[in-house]
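Geometric and topological summary
Listed below are the residues making up each chain.
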Amino acid sequence: MKTLNQLCIPRESVFDKSRRDTVLDITDLIEDKIDPGDFFTENFLTRGMQDIYQCVFKRFEGKSDDGVFKLTQSMGGGKTHTMIALGLLARYPEYRDKVMGRVYKTSFQGKVRVVGFSGRENPKYGIWGYIAEKLGKKDLFRDYYDPLEAPGQSAWINLLKDEPTLILLDELPPYFQAAKAKQIGDGNLADVTTQALANLLIAIGKEELKNVALVISDLRAVYS
């Protein structure tokens, strides 16, 4: 019988101390710090990744009315890994068939603009201002910054229409916890954010945003 050492040949990166403790998050994806070739070579294609890939790209193909997808797992359950993989496949069309061709061959070959937000961030103008800024359209939401107000359904449609867009919202519970401490009028930032995201969910269901998909994760098993 062969030993484990004979059967398994670890990658060189396993012994690289500079990479051993690296934990990727949505910010790394948005800031173009992840090489898609390295990522897909070194990461296992999970069932969750395969499922969400099919769902989202059917949306971009115009074959699905579902535009909002929620990932619910405990801490360390692979949500961020799945979202990063999906973001890379959306951003780099040349990897779709290589990585997921055996699972689902999408007919959608265009590029998708990707914007992601991590609940560990604390943007000055709320999540809506952050999304608008990352899309290069910060001024479109200028009426909702001072004071902070939730953009309505029509405002979201105006911001997101025309281009295929993937929005990734990760680890929102810690953001909401901090937002409760920020007073806005008679309420707080958590209240305004809840309204803003509710309006976004409704907007994605409209015909004008039929090529927009939102993937949102939570830590329900960790945060009450």
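Fair warning: this is a prediction, and the values are worked out from it, not measured in the lab.

**Remarks on the packing of helix H5 (residues 47-60) against helix H6 (residues 79-91)**
- Remark: H5 packs on H6, axes separated minimally by 10 Å, with the N-to-C direction vectors making an angle of 40°. When the axes of H5 and H6 are compared, the pair comes out oblique. H6 is crossed by H5, and the crossing has right-handed handedness. Only His81, Thr82, Ala85, Leu86, Leu89 and Ala90 of H6 make contact with H5, whose side of the interface consists of Gly48, Met49, Ile52, Tyr53, Val56 and Phe57.

**Remarks on the packing of aromatic side chains**
- Considering all chains together, one arrives at 12 aromatic pairs under this definition.
- Ring geometry for Phe39 versus Phe40: centroids 5.3 Å apart, planes at 90°, classification edge-to-face. This pair shows no difference in class: Phe39 is buried, exactly as Phe40 is.
- Measuring from centroid to centroid gives 5.5 Å for Phe141 and Tyr144, while their planes differ by 85°, and the two rings are edge-to-face. Tyr144 carries the same exposure label as Phe141, and that label is buried.
- Members of the aromatic cluster, connected to one another through ring pairs, are Phe39, Phe40, Tyr92 and Tyr95.
- Looking at Lys98, its charged tip hangs above the ring of Tyr95, at a distance of 5.0 Å from the centre.

Cut-offs applied
Residue indices begin from 1 for each chain and proceed along its sequence in written order. Two thresholds apply to this predicted model, a pLDDT of at least 70 for residue-level local features and 80 or more for giving and counting side-chain atom pairs, whereas whole-chain, interface and lining totals are computed over all residues. Water and hydrogen atoms were dropped before computing side-chain values, which therefore reflect all heavy atoms in the structure. Comment: axis = line fitted to C-alpha atoms, over the contacting stretch for helices; angle = value between 0 and 180 degrees taken between N-to-C directions. Each helix corresponds to a stretch of at least 4 residues labelled H or I by DSSP, and each strand to a stretch of at least 2 residues labelled E; elements are numbered beginning at the N terminus. An angle counts as roughly parallel when it lies under 35 degrees, as roughly antiparallel when it exceeds 145, as roughly perpendicular when it falls between 65 and 115, and as oblique in every other case. Handedness of a helix crossing follows the sense of rotation of the near helix relative to the far helix, less than a right angle counterclockwise being left-handed and clockwise being right-handed. The contact criterion used is simple: two residues touch if any of their non-hydrogen atoms lie within 4.5 Å. Classification of ring pairs rests on two measures: the distance between centres of Phe, Tyr or Trp rings, Trp counted by its six-membered ring, which must be within 6.5 Å, and the angle between planes, read as stacked under 30 degrees, edge-to-face over 60 and tilted in between. Relative accessibility under 20% of the residue-type maximum defines a buried residue, over 50% an exposed one, and the middle range a partly exposed one, all with a 1.4 Å probe and only protein chains included. Counted as over-ring charges are cases with an Arg CZ or a Lys NZ within 6 Å of the ring centre that also lie within 35 degrees of the ring normal.

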